[in-house]
Structure formats: C-alpha cells, structure tokens
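# Breakdown of the fold
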Amino acid sequence: MASAEEIARAADRKDIRDRWLLSAPALIIILVAATGPLLIVLVYSFLTSAAYGGVEWKFSPEAWVSVFLERDIFDDTLSLADANITIFWRSIKLALMTTVVTLALGFPTAYFMATRSEKTRDLWLFLITIPFWTNLLIRTFAVLQIIRNEGIINTLLMKAGIISAPIQILFTDTAILIGMAYVYLPLMVLPIYASMEKLDFRLVEAGYDLYASRWQVLRRIILPLVKPGVIAGSILVFIPAIGAYVTPSILGGGKNMMISNFIELQFGQAHNWPLGSALAITVMVIVMIALLVYVRNTGAASGERRG
Amino acid sequence: MAKPFSIRHQPGFTAIAALCFFALYLPILVLVVYAFNAASSTAEWGGLSLKWFQSAAQNTQVIDATVRSFQIAATAAVIATIAATMAALATTRTPPYPGLTFKYAAINQPLMVPEIVTAVALLIFFSRIKIFTGYSGLGYLIAAHTAFCIPFAYLPIRARLENMDLTLERAAADLYATPWRAFRRVTLPLLWPGILAGLMLAFVISLDDVVITEFVKSGGQDTLPTYMLGQIRRGITPEINAISTAFLLLSVAIVTLFFFVSRKRD
C-alpha cells in the first residue's frame, strides 16, 4: 500500500508535469521564433560569405577578424579597422551620453512627480506614460520636425535674429543624442519614480533636523535610497540605446551609423552576412555585460538592506 | 516674508521637471498641428485643412499597411496572451521546482536581447525556411511578433496572479468543484483584468514594432510603421503627419484604457 508520503510525492510529480505542459506553448514559440535563431547567428558568424548575400557552408574566422581588424587588399597585412571601431565607439559613446542626459533630466522629474499630492501624482504618471507608449518611430519623426533646418528651433532663432543661417543639427551625432534622449526619457523616469514614491520623507526631515544642507540631504539620504531605481533606469536606457536602429537611421542619416545600421548594411548592400552576424553577437555581448553589472549591483544593494 | 521651509523642495528640480514635460509634448504637438497643414510641404504653413487626412485615407498603400498591421497585432496578441496566461499559471503560486528558473529566463529572453539581434536572427532563420517550404505569407511576421509579445503579456498576468487570494479556489475545491470548473468560475474571473491588460500591452507592442518587422517582412508586406519609415527616409509630406496623428490617437486611447483596467481593484 502506498504511504501518504508516496502519494504526496506522486501528486507533486504530476503537478510539475502539468506545469511543464501548461508552459509548453509559450516556451516553444519563444524557442522557435526568438532564442533558437540566435544560435544560428552564432553559427553564421563562423561561415564564409557568399557573393550575393547568404553564406557558403565553409568554416572561416574571417568575419570575426574583420570586426576589429582590416585586411589590406594589396599585401594582406592586418591593421585596426578604423571604420568599424569608429561606429562601435560612436554607439557606446552615444548610448552612455543618452544615459547621462536622461538621468540628469529624469531624476529631478521623478522627484518632482513623487513629491506631488497623492491625487495629482497619477496625472503626472499618466503624462509620462503616454509618450512611453507612443510609437517610437512617430516620436523620432516628431523630433526630426523640430530640429531640421526648417524646424521650429531654427525658425525661432532666425526670427529672433540670433542666427542668420539655420544650424545644421539633423544628420549629426547631436541629432541622434537629442532623439535618443527624447525617446528614452520615460524609461529613465518611470523606475526612478517607482523607488522615489516609496521614499520615507521622515528620513529627509531627520536629515534637516541634524543641520544637513539641501545638497547633503540629496546626496546622503535621497540618492542612496533610490539607487535601485537609478540603476534600473540607467540600464533600461543604455540597453535600447546601444542597439538603437530607428532613431539613428532617421536622425543620423547615412553617414552617422550606429551598430544596428551597420549590421543592417551587412545584410543589405554589403552582402556580408557572416560579418553582420559577428557584429550582432558583439552587440549582444555588450548588452549581456550591462545586464550582469545590473544584476550584481541590485543583488548587492538588496544584500546591504538585509544585512 | 520668507517662504516656510519645505523639506520636499530641491532647488531647480521643479524647473527641470517643467522643462521635461514641455520638451516631451512640444514635438508631438507640432507634429499634430502640421497634420492639419494645407500646404504641400511641412516647411511652410498654409492654413488649416483636412486634406492630408483625406489623402492618407485614400492611399491604398496606407490602407493595406494598416489592415496588415491590425491583422498581425490582433493574431499575435491573442496567441501570445493565451500562451502567457498558461505560462503564468504554471510559474506562479508554487514552491520552486526544477526548471522554474529556466522558464523565467526563457520567457523573458526576448526582452534581454537587442531587437536588432533578434531581427537579424529571424531574417537568417526564416529566409532558410522560405527557401525550404516556399511559403512566404504573413505567418513569419505573426510568429515573430507572438514571440516578442509573450513577455509583455506575461508581466501583468503574473503580477495579478501573485496578488490573488488562494482561499477562494480552495473554497471552490472544498465545495466539490472540479479543477476545471474552479478555474472557469473562480480563477479566470479574478484573473481577467490581468489578462486584458496583457492583451492590450501585447497588441500595442506588436502594432509599434519597426525593427523586427523591417527585417522579417517579404516584399509587399509593409506594416504601417515600416511603410512610414520608408516614407520618412524618402522625404516627408504632411501625409505622414496625418497618419502619425491617427496612430497617436489610437495609442492614447489604448493607454487610457490600459490605465483604467490595471488600476481597477476587483
């Protein structure tokens, strides 16, 4: 006869099996149409490029070599691939600058929202949420219309007599920075606001009672308490910024490519699928590193709180 | 008279916040205003007119792209929400079991990888399948959209499940309800707001997608966003403003609805 323990264990096993069955559709869809194909990218990055797109099934490290190095077409010597490195550096630089700009603007905004009365807070939250859910393409297009030569900024400056000819902002790195800061700002504000909302202002009051200045209260009390939100916001901005495709392709024009546009080029006109694959894996690795830093930081932060 | 000391005040913060809200809405406002521009170029103002809305509504490319966008978004959102609901039921309200962490990681995987990488991966994968099977319909786009919609649909459903009261389901079981009946009559009604929120989230995410669609689509499979991207690259007419305005209104409507659904407490 089965003991109570055995019956319980059998029930547990059935429960786990049911749970696998229940989650199977979601897992299969994601494995087939997201995770699985990523492995194919890895394989492709080690193959030989075919003349008109696609690959030949022959192993070759060439794609990985040419991510950072350039082979001279005459004497076969290798040198650093300046063009590729410029594009990588631009992407990393712009993504970091976007993070800094959105943090500088988003932190005070989140603070402002969190210090409103309970009732109006929802309204401010709603006002941040609307741009967040508005199509990124449309928002980038809206920025385009503001900063182009005939746009509102140049028109106003010219009417005021400050400048005589329009400033060329569009199709520069500055345009990409403005655009990315604009589209990713809500991603910074929302997590900071979420941790700011839980801030206990009695601690702030205690700080002032102990003769802290406004700056000291901000640096020593508020900032440490909302640090998880700040880190979450920074990661949420940095990751899409480094892989941004729409914003640089609209605001940067053909010359100021970021990694994504460069990858697209390899699958399009350049007909170099293995290089495109190697570049894609490289972006993925950069993002993974950023995520690891995030996990370690938040892990450490929650550890501090427990300890 | 000096203002009373406020512990919540930080110098300059309100000004920066005001600037942010102004900067967030100014471009959108300009975009909408120029949709009503009678002039044929966005560089000048020619008085109020609805002609660009009319021209967009009569443009067969726009109509086709819109219909296609809705087809894909509706199909992908429904499949993703059903799969996400099942997955959420399988991964919540349980002590940790072998494979649970794997499931979390797998479900959230599309969020962890930059869109461009997934786009390239799907381009390679689907182009092989296309050659192999000869099929080049909307199925590829729907499969791709379903996959990246699942984590978005999963989030609100899981949140809802985790806050749900288990006692009601136990009570149903005590009253001899079969598991299926208890699910239909107790769990599902309680879970409904989460499912609805997940569905709307998935729908918006699919409707907005540019990057993955741009890489996966075959010829003549433009969705509204990829059609707009092509037009913007070619040079702009106020027609794009009109389409954007209509799109914007739809997004605002869905967000408003979402806000109310997710705020509603039982």
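Bear in mind the structure is a predicted one, so any value in this text is a computation, not a measurement.

### With respect to the overall build of chain A
- From N to C terminus, chain A includes 12 helices and 4 strands.
- Its C-alpha radius of gyration of 25 Å places chain A more than 25% over the 19 Å reference for a compact globule of 307 residues.
- Based on the C-alpha atoms only, the size of chain A along its principal axes is roughly 95 × 75 × 35 Å.
- Within chain A, the fraction of its 307 residues that count as buried is 41%.
- Counting contacts in chain A only where the partners sit at least 6 residues apart, residues at least 24 apart contribute 68% of the total.

### Quick word on the overall build of chain B
- Counting secondary structure elements, chain B contains 11 helices and 0 strands.
- Helices and strands in chain B line up, N terminus first, as α-α-α-α-α-α-α-α-α-α-α.
- For the C-alpha atoms alone, the extent of chain B along its principal axes is close to 80 × 70 × 30 Å.
- Expressed as a percentage of the 266 residues in chain B, the buried residues total 42%.
- Once local pairs closer than 6 in sequence are excluded, the contacts in chain B between residues at least 24 apart make up 77%.

### Comments concerning the interface of chain B and chain A
- Residue-level contacts link 68 residues of chain B with 65 residues of chain A.
- Those elements giving two or more residues to the side of chain B that touches chain A turn out to be helix H1 (13-35), helix H3 (60-91), helix H4 (100-112), helix H5 (115-133), helix H6 (139-162), helix H8 (179-208), helix H10 (224-234) and helix H11 (238-263) of chain B.
- Looking at the side of chain B that touches chain A, the element that brings in the most residues is H1(B), giving 12 residues.
- Grouping the constituent residues of the side of chain B that touches chain A by class yields 53 nonpolar, 11 polar and 4 charged.

### Some points on the environment of B:Ile240
- Relative to the assigned elements, B:Ile240 resides in helix H11.
- Judged by the 24 C-beta atoms lying within 10 Å of it, B:Ile240 is buried.
- For the pair formed by B:Ile240 and B:Trp52, sequence separation is 188 residues and the distance between their alpha carbons is 8.4 Å.
- Those residues in contact with B:Ile240 that sit more than four places away from it in its chain are A:Phe141, B:Met228, B:Gln231 and B:Ile232.

### Description of the environment of B:Val117
- With respect to the helices and strands, B:Val117 occurs in helix H5.
- Separated by 95 residues in sequence, B:Val117 and B:Ile212 place their C-alpha atoms 9.0 Å apart.
- Not counting chain neighbours up to four residues away, the residues in contact with B:Val117 comprise A:Leu38, A:Ala280, A:Val283 and A:Met284.

### Digging into the pairing of strand S2 (residues 55-59) of chain A
Residues and elements named next belong to chain A.
- Bridge count between strand S1 (residues 47-49) and S2: 3 bridges; the pairing is antiparallel. Of the residues in S2, the one forming a bridge with Leu47 is Phe59.
- In this antiparallel pair of consecutive strands, S1 and S2, the connection spans 5 residues, and Gly53 shows a positive phi of 85 degrees.

### A closer look at the confidence of the model for chain B
- Across chain B, the average pLDDT comes to 90, with 97% of residues at 70 or higher.
- Interface scoring of the predicted complex returns ipTM 0.90; its pTM is 0.90.

### Focus: the nonpolar core
- In this structure, B:Val120, B:Leu122, B:Ile150, B:Ala153 and B:Ala202 are the most contacted members of the largest nonpolar core, which totals 157 residues.
- Sort the elements by how many residues they give to this core and helix H7 (residues 173-197) of chain A lands first, with 17 residues.
- Aside from chain neighbours lying at most four places away, what touches B:Ala202 is B:Ala76, B:Ala77, B:Ala80, B:Thr81, B:Cys149, B:Phe152 and B:Ala153.

### Topic: helix H5 (residues 136-147) of chain A
Residues and elements named next belong to chain A.
- An ideal rise of 1.5 Å per residue puts 16 Å on 12 residues; H5 measures up with 17 Å between its terminal C-alpha atoms.
- Most of H5 sits inside the fold, with 12 of its 12 residues counted as buried.
- Regarding H5, the residues found buried are Leu136, Leu137, Ile138, Arg139, Thr140, Phe141, Ala142, Val143, Leu144, Gln145, Ile146 and Ile147.

### Observations regarding the packing of H3(B) against H6(B)
Residue and element names in this part refer to chain B.
- Orientation of H3 relative to H6, taken along the N-to-C sense of each, is 45 degrees, at an axis distance of 6 Å. In terms of their interaxial angle, H3 and H6 are classed as oblique. In this structure, H3 meets H6 at a crossing whose hand is right-handed.
- Looking at the contact of H3 with H6 residue by residue, the classes come out as 18 nonpolar, 5 polar and 1 charged.

### Here we look at the domain arrangement of chain A
Residue and element names in this part refer to chain A.
- Each assigned domain of chain A is listed with its residue range as follows: domain 1 (4-79) and domain 2 (82-306).
- Distance between the C-alpha centres of domain 1 and domain 2: 29 Å.
- Taken together, the contact between domain 1 and domain 2 spans 17 residues of the former and 13 residues of the latter.
- The set of elements that each furnish at least two residues to the side of domain 1 that touches domain 2 consists of helix H1 (4-44), S1 and helix H2 (62-68).
- Here the side of domain 1 that touches domain 2 gets 6 residues from one element, more than from any other, and that element is H2.
- Split by residue class, the side of domain 1 that touches domain 2 holds 10 nonpolar, 6 polar and 1 charged.

### Comments concerning the packing of helix H3 (residues 82-114) of chain A against helix H9 (residues 214-242) of chain A
Residue and element names in this part refer to chain A.
- Put simply, H3 and H9 touch, their axes get as near as 9 Å, and they point 145 degrees apart. Helix-helix and strand crossings are classified by hand; for H3 and H9 the assignment is right-handed. Seen from H3, the contacting residues are Ser91, Ile92, Leu94, Ala95, Thr98, Thr99, Thr102, Leu103 and Gly106; seen from H9, they are Val230, Gly233, Ser234, Val237, Phe238, Ala241 and Ile242.
- Here the contact of H3 with H9 is built from residues that sort into 9 nonpolar, 7 polar and no charged.

### Notes on the confidence of the model for chain A
Residue and element names in this part refer to chain A.
- On average, residues of chain A score 88 in pLDDT, and 96% of them reach the 70 mark or higher.
- Across chain A, the secondary-structure element scoring lowest on mean pLDDT is strand S4 (residues 78-80), at 75, and the one scoring highest is H7, at 95.
- Contacts for the low-pLDDT stretch residues 303-307, under 50 throughout, to residues beyond four places or in other chains number 0 contacts.

Conventions and cut-offs
- Residues numbered from 1 in each chain as written.
- Chains lettered and ligands numbered in written order.
- Predicted model: local features only at pLDDT ≥ 70, side-chain atom pairs only at ≥ 80, totals over all residues.
- Helix = DSSP H or I, 4+ residues; strand = E, 2+ residues; numbered from the N terminus.
- Rg over C-alpha atoms; globule rule 2.2 N^0.38 Å.
- Buried ≥ 20, exposed ≤ 12 C-beta atoms within 10 Å, placed from the backbone.
- Contact = placed C-beta atoms within 7 Å.
- Nonpolar A, V, L, I, M, F, W, Y, C, P; charged D, E, K, R; others polar.
- Pairing = 2+ DSSP bridges.
- pLDDT = per-residue confidence, 0-100.
- Core = buried A, V, L, I, M, F, W, Y, C linked by C-beta atoms within 7 Å.
- Expected span 1.5 Å × (residues − 1).
- Axes fitted to C-alpha atoms, helices over the stretch in contact; angles between N-to-C directions.
- Parallel < 35°, antiparallel > 145°, perpendicular 65-115°, else oblique.
- Left-handed = near helix turned anticlockwise from the far one by under 90°.
- Domains from an automatic or database assignment.

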